Amino acid sequence: MKKYYKINEIAKLYNIKTDSLRYYEEVGLISPMRSKSNYRLYTLKDIYILNIIRDCLKLGYDTHQIKDYLDNRSVNNTIVFLKEEEKLIQKQIRELNMTLNSIQTRIASLDYTKHIQFNTFQVESYPKRYCRYLKEKIDEDEKIDFLLTKLTESMEEDISVLGNMDSGSIVEYKNDEYVYTSVFVLTQEEKYDFILEEGLYCTYTYTGEYNRTNQIFYKMKDWITDHNYTIEGPFLEFLLIDIHETKKVEEYITSIHVKVKPR
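Conventions and cut-offs
Every chain is numbered on its own, with residues counted from 1 as its sequence reads. The predicted origin of the model limits local features to residues at a pLDDT of at least 70 and limits the giving and counting of side-chain atom pairs to 80 or more, whereas totals for whole chains, interfaces and linings rest on all residues. The basis for every side-chain value is the complete set of non-hydrogen atoms in the structure, without hydrogens or water. Type-normalised accessible area, obtained with a 1.4 Å probe on protein chains alone, sets the label of each residue: buried when under 20%, exposed when over 50%, and partly exposed for intermediate values. Elements are defined by DSSP. Helices are runs of H or I of four residues or more, strands are runs of E of two residues or more, and each kind is numbered from the N terminus. Arc, as used here, means the arc of the directions from the helix axis to the C-beta atoms. By the convention used here, residues are in contact when the closest approach between their heavy atoms is within 4.5 Å. When the centres of two rings from Phe, Tyr and Trp lie within 6.5 Å, Trp using its six-membered ring, the rings pair. Their planes under 30 degrees apart give stacked, over 60 give edge-to-face, and anything left gives tilted. Ring-over charges, as used throughout, are those where CZ of Arg or NZ of Lys falls within 6 Å of the ring centre and within 35 degrees of the ring normal.

A.B. asks: Is there a simple way to explain helix 1 (residues 7-14) in this structure?
C.D. replies: Each α-helix winds once per 3.6 residues, and so residues spaced three or four apart point in a common direction. Those residues of helix 1 lying buried are I7, I10, A11 and Y14. Taken end-on, helix 1 shows its buried residues confined to a sector of 100 degrees, consistent with a single buried face. Across helix 1 from its buried face, at more than 90 degrees, point the exposed residues N8, K12 and L13. In the core, the buried residues of helix 1 are packed alongside strand 1 (5-6), helix 2 (18-26), strand 3 (40-42) and helix 3 (44-58).

A.B. asks: Teacher, can you tell me more about the packing of aromatic side chains here?
C.D. replies: For any pair of aromatic rings, geometry is given as the distance between the ring centres together with the angle between the planes. Here the structure, examined in full by the defined rule, presents 14 aromatic pairs. Relative to F81, the ring of Y69 has its centre 5.1 Å away and its plane inclined at 15 degrees; by these criteria the two rings are stacked. Of this pair, Y69 sits in helix 4 (residues 63-71) while F81 sits in helix 5 (residues 75-112), placing them 12 residues apart in sequence. The pair formed by Y69 and F81 is uniform in burial state, with each residue classed as buried. In this structure an aromatic cluster arises from ring pairing among Y173, Y178, F217, Y218 and F235. Lying over the aromatic face of Y201, R129 brings its terminal NZ or CZ to 5.0 Å of the ring centre. Here K221 stacks its cationic end above the ring of Y173, 4.9 Å away from the centre of that ring.

Printed below as a string of structure tokens:
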């Protein structure tokens, strides 16, 4: 005896609205039977068709493409369809691997902060780094996060705020004071706005509230002079850990960098 399913059963099975099923019928994708009371009755054949529709939608097919495939199903056309599905899955695998690598990198970066030497000026060697940046007046700390969001949204890379230590602010000395002039993000894209050149950088990393930063610029400048180096660029402020990773202010970590060369 043939089994019939009501529209609500089918909608629940596929987790879609009954309106979607009515639309599929309207555009000719499915043709359910009608009962004597004019209720739609779906058979196993309709379920086969709905499975195909579901798979086609995953591939981004529109209703016209789905109807064309349904009307012209053949082994060759199915092979073409499956190859498209294979390409989609391979793309998803690549994207998942990229996401996994990104998460693993951020976990390693957060773990690394447990071994940082704090409250000490030191000179370290860094490789060449490519950056995107957004130059805009920054008159309050909250605007830095807004501008970083604005910048990352314009990039093709999938940039996460959680555990991302590759972003920060550029600080320049103007009119006898240090001024935040732009935000930047290190990038793997071919497109970039400027390069942090390879070489020596004086660094200072501290924990807690980051309102100490302005004092550190002056102290760092004096330390650099006293140790026979000269400054070669603007100061860079990296917020290694902030409100994105923790509610505990004492866990915040800020790192100040500036390129230097021996005199």
